[in-house]
Amino acid sequence: MEDLNWNNRESHSSLEMNSKVSRPPLADKDAGIEKYDVIFLGFPIWWYTAPRIINTFLESYDFSGRQIILFATSGGSGFGKTKDDLKVSISKLATIMEGGLLNGKQTKESLRSWVERL
């Protein structure tokens, strides 16, 4: 059984995150993004950036003309270089913005307020 300790340098997630070219496969490749102009993309922050599978997702679709708003959870770090790390995986015809960290319990009202501030 794989050691789930985050300090394990041989764990699957450590190996993946230590390689900027790592692209884990997607289980589903039918996100239907063509129906949307604005896409909210959420993930946990790992090692001050998004998990590499987020790059895989962004490289699997044409986001031209769409706005991607990033949001994340984190155990203590901020977004770091996440936006820049993900920018390389999208078309130059798409826009990407840092929406913010959504840690803790969110209510319908707090999420509505967050979206309105964007």
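Look up: the structure comes first, before these words.
Residues numbered from 1 in each chain as written. Predicted model: local features only at pLDDT ≥ 70, side-chain atom pairs only at ≥ 80, totals over all residues. Heavy atoms only, no water.

Trainee: Residues and numbers for the environment of Ile-45, please.
Mentor: By the element assignment, Ile-45 lies in the loop between β1 (38–44) and α2 (52–59). For Ile-45 and Thr-82, which are 37 residues apart along the polypeptide, the C-alpha to C-alpha distance reads 8.2 Å. Not counting residues up to four positions away in its chain, the partners in contact with Ile-45 are Ala-72, Thr-73, Ser-74, Ser-77, Gly-78, Phe-79, Thr-82 and Leu-101. (Helix = DSSP H or I, 4+ residues; strand = E, 2+ residues; numbered from the N terminus. Contact = heavy atoms within 4.5 Å.)

Trainee: Quick rundown of the sheet that holds β1? Include the residues and the values.
Mentor: Spatially, the three strands line up as an open sheet ordered β1-β2-β3, and their pairing is parallel. Of all strands in the sheet, those bounded by a partner on one side alone are β1 and β3 (95–101). Between one strand axis and the next, the sheet turns through 25° on average, direction left out of account. Across seven bridges, the pairing between β1 and strand β2 (residues 67–73) is parallel. Counted as the bridge partner of Pro-44 is Thr-73 from β2. Docked against the sheet, α2 engages β1 and β2, running at close to 160° with respect to β1. (Pairing = 2+ DSSP bridges. Axes fitted to C-alpha atoms, helices over the stretch in contact; angles between N-to-C directions.)

Trainee: Residue-level account of the pattern of salt bridges, with values.
Mentor: Within this structure, the stated rule accounts for one salt bridge. We note a salt bridge from Arg-23 to Glu-59, for which the minimum N-O separation is 2.9 Å. With Arg-23 in the loop between α1 (12–17) and β1 and Glu-59 in helix α2, the pair connects residues that are 36 residues apart, well separated along the chain. Among the residues examined, Arg-23 registers a relative accessible area of 30% and is labelled partly exposed. Classification of Glu-59 by relative accessible area gives partly exposed; the value is 41%. (Salt bridge = Lys/Arg side-chain N within 4 Å of Asp/Glu carboxyl O. Buried < 20%, exposed > 50% of the residue type's maximum accessible area, 1.4 Å probe, protein only.)

Trainee: Go over the side chain of Thr-56, please, and point to the residues and values.
Mentor: Inspection of the secondary structure puts Thr-56 in helix α2. Setting aside anything within four residues of it in sequence, one finds Thr-56 in contact with Arg-23, Pro-24 and Leu-26.

Trainee: Please give an account of the nonpolar core that cites residues and values.
Mentor: Counting 20 residues, the largest nonpolar core has Phe-43, Leu-58 and Phe-63 as the members making the most contacts within it. When residues of this core are traced back to their parent elements, those giving at least two are β1, α2 and β2. When near neighbours in sequence (up to four residues on either side) are disregarded, Leu-58 contacts Leu-41, Phe-63, Ile-68, Leu-86, Ser-89 and Ile-90. (Core = buried A, V, L, I, M, F, W, Y, C linked by side-chain atoms within 4.5 Å.)

Trainee: Can you lay out the environment of Asn-103 for me, pointing to particular residues and giving the numbers?
Mentor: If you trace the backbone, Asn-103 turns up in the loop between β3 and α4 (108–117). Under the relative-accessibility criterion, Asn-103 is labelled partly exposed at 36%. For Asn-103 and Ala-72, which are 31 residues apart along the polypeptide, the C-alpha to C-alpha distance reads 7.7 Å. Reaching out from Asn-103, the side chain makes a polar contact with the backbone nitrogen of Ser-74 at a distance of 2.7 Å. (Polar contact = N/O pair within 3.5 Å; in protein donor to acceptor, adjacent residues only side chain to side chain.)

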